[in-house]
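# Structure at a glance
Single-letter residue listing:
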Amino acid sequence: MACLNLIFLLVLSVLVGVTEASLAQFSHQGAMAHGDIIIGGLFPIHEALEAVNNSDLNSFFTSRHPNCSRFYTKGLNQALAMIHAVEMANRSPVLSSLNITLGYRIYDTCSDVTTALWAVQDLTRPFSDCDSATNSSQPVQPIMAVIGPSSSEISIAVARELNLLFIPQISYASTATILSDKSRFPAFMRTVPNDEYQTHAMVQLLKDNKWTWVGIIITDGDYGRSAMESFVKHTENKGICVAFKEILPDSLADQQKLNIKINKTVDIIEKNTKVNVVVSFAKASQMMLLFQGLRRRNVSNKVWVASDNWSTARNILKDVNISDIGNILGFTFKSGNVTTFHQYLTDLQFKSEAELNNPYLEEFFKQPDIGNPAKAVQNLIKNTYLDMVFNVQMAVSAIANAVVELCVKRQCKTPTTIQPWELFIQLRNVTFEKEGEMYNFDANGDINSGYDICLWEEHESEEHDIIAEYYPSNSSFTFTRKNLSDIENVVSKCSNSCQPGEYKKTAEGQHTCCYECLVCAENQYSNQTDADACSKCDTENMWSSTNSSECHPKLYEYFEWNCGFAIVLLTLTAFGILLLFSVSALFFWQRDSLVVKAAGGPLCHLILFSLLGSFVNVIFFVGEPSNETCRVRQVIFGLSFTLCVSCILVKSLKILLAFQMNLELTELLRKLYKPYVIVCICMGLQGTICAIWLTLYMPFKDKVVQKISILLECNEGSNVMFGLMLGYIALLALICFTFAFKGRKLPQRYNEAKFITFGMLIYLMAWVIFIPVHITISGKYVPAVEVVVILISNYGILSCHFLPKCYIIIFKKEHNTKAAFLKSVHEYARKSAENIRGLTGTDPQSKTENSVYVISNPSLVTEEKQASVPKIDNVA
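Cut-offs used in this document
- Residues numbered from 1 in each chain as written.
- Predicted model: local features only at pLDDT ≥ 70, side-chain atom pairs only at ≥ 80, totals over all residues.
- Heavy atoms only, no water.
- UniProt positions renumbered as here; feature names shortened; annotations may be inferred.
- Core = buried A, V, L, I, M, F, W, Y, C linked by side-chain atoms within 4.5 Å.
- Buried < 20%, exposed > 50% of the residue type's maximum accessible area, 1.4 Å probe, protein only.
- Helix = DSSP H or I, 4+ residues; strand = E, 2+ residues; numbered from the N terminus.
- Contact = heavy atoms within 4.5 Å.
- pLDDT = per-residue confidence, 0-100.
- Disulfide = S-S within 2.5 Å.
- Patch = residues over 30% accessible without salt bridge, like charges linked within 9 Å, V, L, I, M, F, W, Y side chains within 5 Å.
- Areas by Shrake-Rupley, 256 points an atom, 1.4 Å probe, with all protein chains shown as cover.
- Salt bridge = Lys/Arg side-chain N within 4 Å of Asp/Glu carboxyl O.
- Pairing = 2+ DSSP bridges.
- Axes fitted to C-alpha atoms, helices over the stretch in contact; angles between N-to-C directions.
- Expected span 1.5 Å × (residues − 1).
- Arc of directions from axis to C-beta.
- Polar contact = N/O pair within 3.5 Å; in protein donor to acceptor, adjacent residues only side chain to side chain.
- Parallel < 35°, antiparallel > 145°, perpendicular 65-115°, else oblique.
- Left-handed = near helix turned anticlockwise from the far one by under 90°.
- Nonpolar A, V, L, I, M, F, W, Y, C, P; charged D, E, K, R; others polar.
- Phe/Tyr/Trp six-rings, centres within 6.5 Å; stacked < 30°, edge-to-face > 60°.

Going by the annotation in an unreviewed UniProt entry, the name recorded for the protein chain is G-protein coupled receptor family C group 6 member A, with Cyprinus carpio carpio given as the source organism. The record in UniProt for the protein chain states the following under Subcellular location (unreviewed entry): "Cell membrane". Per UniProt, the comment on the protein chain under Subunit (unreviewed entry) is "Homodimer; disulfide-linked."

Moving on to the nonpolar core. Among the nonpolar cores identified, the biggest contains 142 residues, and Leu80, Met82, Phe291, Trp304 and Trp310 are the most heavily contacted of them. The element best represented in this core is helix 16 (residues 386-407), accounting for 15 residues. Setting aside its immediate chain neighbours within four residues, tryptophan 304 contacts Ile217, Ile269, Val278, Met287, Leu290, Phe291, Leu294, Trp310, Ile325, Asn327, Ile328 and Leu329. Core analysis: the second largest hydrophobic core is formed by 69 residues, Cys644, Leu726, Tyr763 and Val789 among them.

Another point: the confidence of the model for the protein chain. Of the residues in the protein chain, 81% have a pLDDT of 70 or more, and the chain-wide mean is 81. Confidence, expressed as mean pLDDT per element, reaches its minimum in the protein chain at strand 8 (residues 127-128) with 40 and its maximum at strand 11 (residues 169-171) with 96. Predicted confidence for residues 127-137 stays below pLDDT 50, and this span has 13 contacts to residues more than four positions away or in other chains.

All right, on to the state of the cysteines then. According to the stated counting rule, one finds seven disulfides in the structure shown. Two residues share a disulfide in this structure: cysteine 407 and cysteine 412, whose sulfurs sit 2.0 Å from each other. Its S-S torsion of approximately -110° makes the covalent link between cysteine 407 and cysteine 412 left-handed. Looking at cysteine 407, the relative accessible area reads 4%, which means it is buried. Between the sulfur of cysteine 520 and that of cysteine 534 lies a disulfide, 1.9 Å long from S to S.

Bringing a nonpolar patch on the surface into the picture now. The grouping of Phe565, Val568, Leu572 and Tyr781 at the surface amounts to a nonpolar patch, some 340 Å² of accessible area in total. Within the element layout of this structure, leucine 572 appears in helix 19 (residues 564-589).

A few words on the sheet that holds strand 16 (residues 302-306). To summarise the sheet geometry, strands pair through backbone hydrogen bonds and adopt either a parallel or an antiparallel arrangement. Judged by pairing direction, the sheet is mixed, and its eight strands sit side by side in the order 14-13-15-16-17-20-21-22 without closing on themselves. Taken across any chain shown, the strands that pair with only one partner, and hence form the sheet edges, are strand 14 (241-248) and strand 22 (476-479). Here the average twist between neighbouring strands, direction ignored, is 20°. In terms of strand pairing, strand 16 meets strand 17 (residues 326-333) through five bridges, oriented parallel. Along strand 17, the bridge assignment pairs valine 303 with asparagine 327. Those strands touched by helix 7 (residues 195-208) are strand 13 (213-219), strand 15 (277-281), strand 16, strand 17, strand 20 (451-455), strand 21 (465-471) and strand 22, and its axis lies near 175° from that of strand 15. Docked against the sheet, helix 8 (residues 222-238) engages strand 13, strand 14 and strand 15, running at close to 160° with respect to strand 13.

Residue pairs spaced three or four apart in an α-helix point in one direction, given the helix's 3.6 residues per turn. Look at helix 24 (residues 675-696): 32 Å from first C-alpha to last across 22 residues, which is about the 32 Å you get at 1.5 Å a residue. Inspection of helix 24 places Ile678, Val679, Cys682, Gln686, Ile689, Cys690 and Trp693 among the buried residues, and these make up the whole buried set. Projected down its long axis, helix 24 shows its buried positions confined to an angular sector of 105°, all on one face. Those residues of helix 24 that are exposed and aimed more than 90 degrees away from the buried face are Cys680, Ile681, Thr695 and Leu696.

So, on to the pairing of strand 14. Across seven bridges, strand 13 lies against strand 14 in parallel orientation. Its bridge partner lying in strand 14, isoleucine 218 is registered against isoleucine 247.

Before going further, it helps to examine the environment of serine 280. As for its placement among the helices and strands, serine 280 is situated in strand 15. It is 6.2 Å that separates the C-alpha atoms of serine 280 and valine 305, two residues lying 25 residues apart in sequence. Not counting residues up to four positions away in its chain, the partners in contact with serine 280 are Ile217, Met287, Val305, Ala306, Ser307 and Trp310.

All right, on to the environment of serine 97 then. Its location among the elements puts serine 97 in helix 4 (residues 93-98). Residues serine 97 and valine 408, 311 residues apart in the sequence, show an inter-C-alpha distance of 9.9 Å. Looking at serine 97, its side chain comes within polar contact range of the main-chain oxygen of valine 94, at 2.6 Å.

On to the UniProt feature "transmembrane region" (unreviewed entry) in the protein chain, then. The feature "transmembrane region" (unreviewed entry), as given by UniProt, occupies residues 564-589, 601-623, 635-656, 676-700, 720-741, 753-775 and 781-803 in the numbering adopted here. Counting secondary structure, residues 753-775 comes out at 100% helix and 0% strand; the distance between its end C-alpha atoms is 33 Å.

The subject of this paragraph is the packing of helix 19 against helix 21 (residues 602-616). Two packed helices can be described by the angle between their axes and the distance between those axes. Taken N-terminus to C-terminus, the directions of helix 19 and helix 21 make an angle of 165°; their axes are 10 Å apart at the nearest point. What the angle tells us is that helix 19 and helix 21 run roughly antiparallel. The handedness of the crossing between helix 19 and helix 21 is left-handed. Taking contact as the criterion, the partners of Thr573, Gly576, Ile577, Leu580, Phe581, Val583, Ser584, Phe587 and Phe588 in helix 19 are, on helix 21, Cys604, His605, Leu608, Leu611, Leu612, Phe615 and Val616. Here the contact of helix 19 with helix 21 is composed, by residue class, of 12 nonpolar, four polar and no charged.

Within this structure, the stated rule accounts for 24 aromatic pairs. A centroid spacing of 6.2 Å and a plane angle of 25° characterise the contact between phenylalanine 341 and tyrosine 344, whose relative ring orientation is stacked. One end of the pair is phenylalanine 341 and the other is tyrosine 344, both in helix 12 (residues 339-346) and three residues apart, which spans about a single turn. With respect to burial, phenylalanine 341 and tyrosine 344 carry one shared label: buried. Taken together, the aromatic side chains of Phe637, Phe641, Tyr763, Trp767 and Phe770 make up a single cluster linked through ring pairs.

Turning next to unusual backbone geometry. Here the bond from glycine 148 into proline 149 is cis, since omega is -10°, no more than 30 degrees from zero. When you line up the elements, proline 149 lands in the loop between strand 10 (143-147) and helix 6 (152-165). Of note in this structure, asparagine 99 is not a glycine but carries a positive phi near 60°. Tracing the backbone through its elements, the reader meets asparagine 99 in the loop between helix 4 and strand 7 (102-108). Positive phi, close to 60°, is recorded for asparagine 547, a residue that is not glycine. Secondary-structure assignment places asparagine 547 in the loop between strand 27 (542-543) and strand 28 (552-553).

Structure follows, in structure tokens:
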């Protein structure tokens, strides 16, 4: 038991000793200035090289202490930016009028979490016995806020400590998204946007440049993993694929492990030849080793998208040229005018400043590469990060304005008048002005001012060429430099882009960015590159061929006026009409001649009128159809041709009546022979058929959707009624044909029956051919088929009924006389008598006594001939 007590006392004494030694390490180590309101500052004045292990018992209880021997000039520059900003605020009229000054206590984090936590412990000690010059115990003035640190990983650890006391913390460079979680880090604020905006901007940059096949490199830790998670989430929403994700070790102490990982990353980059864009959230020192490895492998022509973690760390190109690795696009925070800060650096008095409040300046002045004040100033200006300086100045301005808001209503000279939590509440609501712009913290405690995108140049200047600005409010870039062909010509895709008319097809298990391009099928299209699928055309009105980038409107198709076939048919129609008028004029002029009377007299003009209607009706079959033309054209044709055939039927019946030798049949035919009554009856029946058709089955304009066009045609309403109309005309024509066939042996010069027979035969043959053709074919030339049949029928009747009569009237005038007519009749009678005698062996005179030819119009024959000449009514 005594042994256990001894061990316990020994351990307790070691813990107390380690704690006192650690706290003593940070007492009086740093820059400081007295004031009514004290602000703490955490900056990386040094960089840790490697850990040193203690071999005694203390190593069991203490962490490994970093060796903070390498001076980090940029960290000192950031600390000087805070000092300068505090001095500027103290000289401002607002604080001067309130007789309030700001003070500071600045500590070195050594870029190490443990060191930063020890610094926080010292910053938050309420009392100390070592703070006065007389070494007497005096109360330490409490800090009201802390500015820094820069690293997100260190800020996360520090924020957890400061949250316990609700001391507001304002970081000028920590961008981890996790720090925006107010349930975990309520007192944390920052003057920069969080990584959610940065990763979104990076992905937008990739999308705008069509870089869809990229890699990402991070440093292991909360910052790196949070950034990678946010980046991958945004890429998935934008159709960008991450080819590889490489995580470099956080610790730089184990060089062997780091080199192995660097070499593996180089191998992966070299292997992925199609990945020409790499996004990196790694540390600057790791990127330097990576670039050196890539140069040894001759891997170049890449575009490196740098996060704010190393976007301005140009010192990593110490042994590498930019041309060896490609192009570097860096995302930096928005910066302002730092002319006054540069003047402050120029006016620094190193010895007096170091003696008064800043031992870091004394250490910097003693660095081997610093020999005199001029060179020291030049080195400080060279290591000035404009965005960092501006963000530190904004943090001080925010605190100063919040202090003013609080101290206007109370006396702030007493140290305990203001509590940190009061300042925090005021900070969350403060709005301050900086270089003409107004700023405030949003609901997450961030100031989202956007980013500058810089392009690293080959020259040695620490300043980079800003080529664009990114505004989170509308997620857009504004480019300040136009000639970026080196960047725009870079292609980083797993597969070549699918052209319009094609679509992407991704194999199962592959990245969506790796695909093959397939052409769109018929009636489908894609009008953009890399389309995920083809869109369908509206097949009712649109069409497209295979591999099409657009849908074409379906053109209306019909039997057009300017069609060559239509022109031919219309020309024949016009010629037929002209011929009709010519024949009509000739017949009217010769209306008293024997040929015109033998051809039917007034009936001829009625037939010509019906043919005129049939010819005119052709125009309704040409051009775009309408409901009206569809109804009119068949009715006009049906009625006009019925009129024509019924008139011809009357003539056929007349022939049969004139030369019929059977007296009983002749008397019956005489009673039935009423020419105009027969025509009216025939027309009435056809009119009834058409009326029923138009009433019950009205024809209409129809649209037939075809592959690449829309056919406009007439739907007849009822094929039965259409067939009935044509069938009725065909029946009349067949009757005419039958009657005329019986009278085919009449006198040759006046043989009307022969021509009627040929005319009706042409008509019947044409329409018999039309029916199967009309049923089997389709398309815009269907009306043309019917027009052809109509024209054949019209020209057939014209040729057989009228042209021979015209020929006699014009060229054979000697046959158009009464003498010639009588001679023809006597010749026909003589031949008939001889035929009868040859067949029966009897005297033809006895036959004529029983069978007499009846001539209904004896005025055509002289009186002395009437007793022996058959009687014919206007027919020779």
